[in-house]
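Residue-level structure breakdown
Okay, here's what each chain looks like letter by letter:
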Amino acid sequence: MLHPSVPSGRASHDDDPAGDVVRWAAFSCLLVPVVLVVYGTSYGGAAVATLGLAAVTAACRVLLRYSEKTERAAARVSTEEPLPSGHRGRHSRTGGGSHRGCHGSGPVSPHD
């Protein structure tokens with residue numbers, strides 16, 4: 001039995017959620033044809049189902065890895081380029097109660 005503080009040489013499952021999804025998908029690619037044959041599907045039908053599942057799993061793996069790579073690149077860019085100090089954000093107010101489109105200092109109408 002391994003002690004929790006002793007590293008096992010493998011990365012933690014928390015570090016690679018896409019890998020977990022791909023491992024479960026690969027497991028299902030092996031399990032589904034067995035279940036299909038047990039319940040009376042022909043070997044050919046099970047083989048076609050296996051090929052289809054393997055193709056979908058491969059496509060999902062490619063998309064997940066691409067998404068992770070894009071996310072890492074975006075995180076790297078956001079940490080390298082901080083916002084200029086004068087920038088307040090898209091929806092922030094610029095002054096003490098000034099509003100765009102408010103032209104008068106008269107009474108407030110229900111349309112303001």
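Keep in mind it's a predicted model, so treat the numbers as computed, not measured. (Residues numbered from 1 in each chain as written. Predicted model: local features only at pLDDT ≥ 70, side-chain atom pairs only at ≥ 80, totals over all residues. Heavy atoms only, no water.)

1. A short note on the overall build of the protein chain
Within the protein chain, the regular secondary structure consists of two helices and zero strands. Put simply, the protein chain has 112 residues, and 9% of those count as buried. (Helix = DSSP H or I, 4+ residues; strand = E, 2+ residues; numbered from the N terminus. Buried < 20%, exposed > 50% of the residue type's maximum accessible area, 1.4 Å probe, protein only.)

2. Concerning the packing of aromatic side chains
The description of an aromatic ring pair uses the distance of the two centres, along with the angle that the planes make with each other. By the definition in use, this model includes one aromatic pair. The interplanar angle of 90 degrees and the centroid separation of 5.8 Å between the aromatic rings of Trp24 and Phe27 together place this pair among those described as edge-to-face. In this pair, Trp24 and Phe27 both sit in helix α1 (residues 17-38), three residues apart, roughly one turn of the helix. Taking relative accessible area as the criterion, Trp24 reaches 62% and is therefore assigned exposed. (Phe/Tyr/Trp six-rings, centres within 6.5 Å; stacked < 30°, edge-to-face > 60°.)

3. Brief notes about α1
Taking 1.5 Å as the rise per residue, α1 with 22 residues should run 32 Å; its terminal C-alpha atoms sit 32 Å apart, in good agreement. Inspection of α1 places Ala18, Gly19, Asp20, Val22, Ala25, Cys29 and Pro33 among the buried residues, and these make up the whole buried set. Note on α1: the residue one or two positions beyond its end, Gly40, has a positive phi of about 100 degrees. (Expected span 1.5 Å × (residues − 1).)

4. As for the state of the cysteines
In this structure the tally under the stated criterion is zero disulfides. Among the cysteines around Cys60, which has no disulfide bond, Cys29 carries the closest sulfur, lying 10.0 Å off. With a relative accessible area of 40%, Cys60 lands in the partly exposed category. (Disulfide = S-S within 2.5 Å.)

5. Regarding a nonpolar patch on the surface
Among the surface-exposed residues, Trp24, Phe27, Leu31, Val34, Val35, Val38 and Tyr39 lie close enough to one another that they form a single nonpolar patch of about 810 Å² accessible area. Take Val35: it is sitting in helix α1. (Patch = residues over 30% accessible without salt bridge, like charges linked within 9 Å, V, L, I, M, F, W, Y side chains within 5 Å. Areas by Shrake-Rupley, 256 points an atom, 1.4 Å probe, with all protein chains shown as cover. Salt bridge = Lys/Arg side-chain N within 4 Å of Asp/Glu carboxyl O.)

6. Examining the pattern of salt bridges
A complete count under the given rule lists two salt bridges for this structure. Salt-bridge contacts for Glu68 lead to Arg65; the nearest nitrogen and oxygen are separated by 3.1 Å. Here Glu68 and its partner Arg65 are both found in helix α2 (residues 43-80), three residues apart, which amounts to about one turn of the helix.

7. Some thoughts on the environment of Val48
With respect to the element layout, Val48 can be found in helix α2. The class for Val48 is exposed, based on a relative accessible area of 58%. Put simply, Val48 and Pro33 are 15 residues apart on the chain and 9.0 Å apart in space, counted from C-alpha to C-alpha.

8. Topic: the environment of Arg61
By the secondary structure assignment, Arg61 is in helix α2. The exposure class assigned to Arg61 is partly exposed, which follows from its relative accessible area of 41%. Sequence-wise, Arg61 and Val22 are 39 residues apart; in three dimensions their C-alpha atoms are separated by 6.3 Å.

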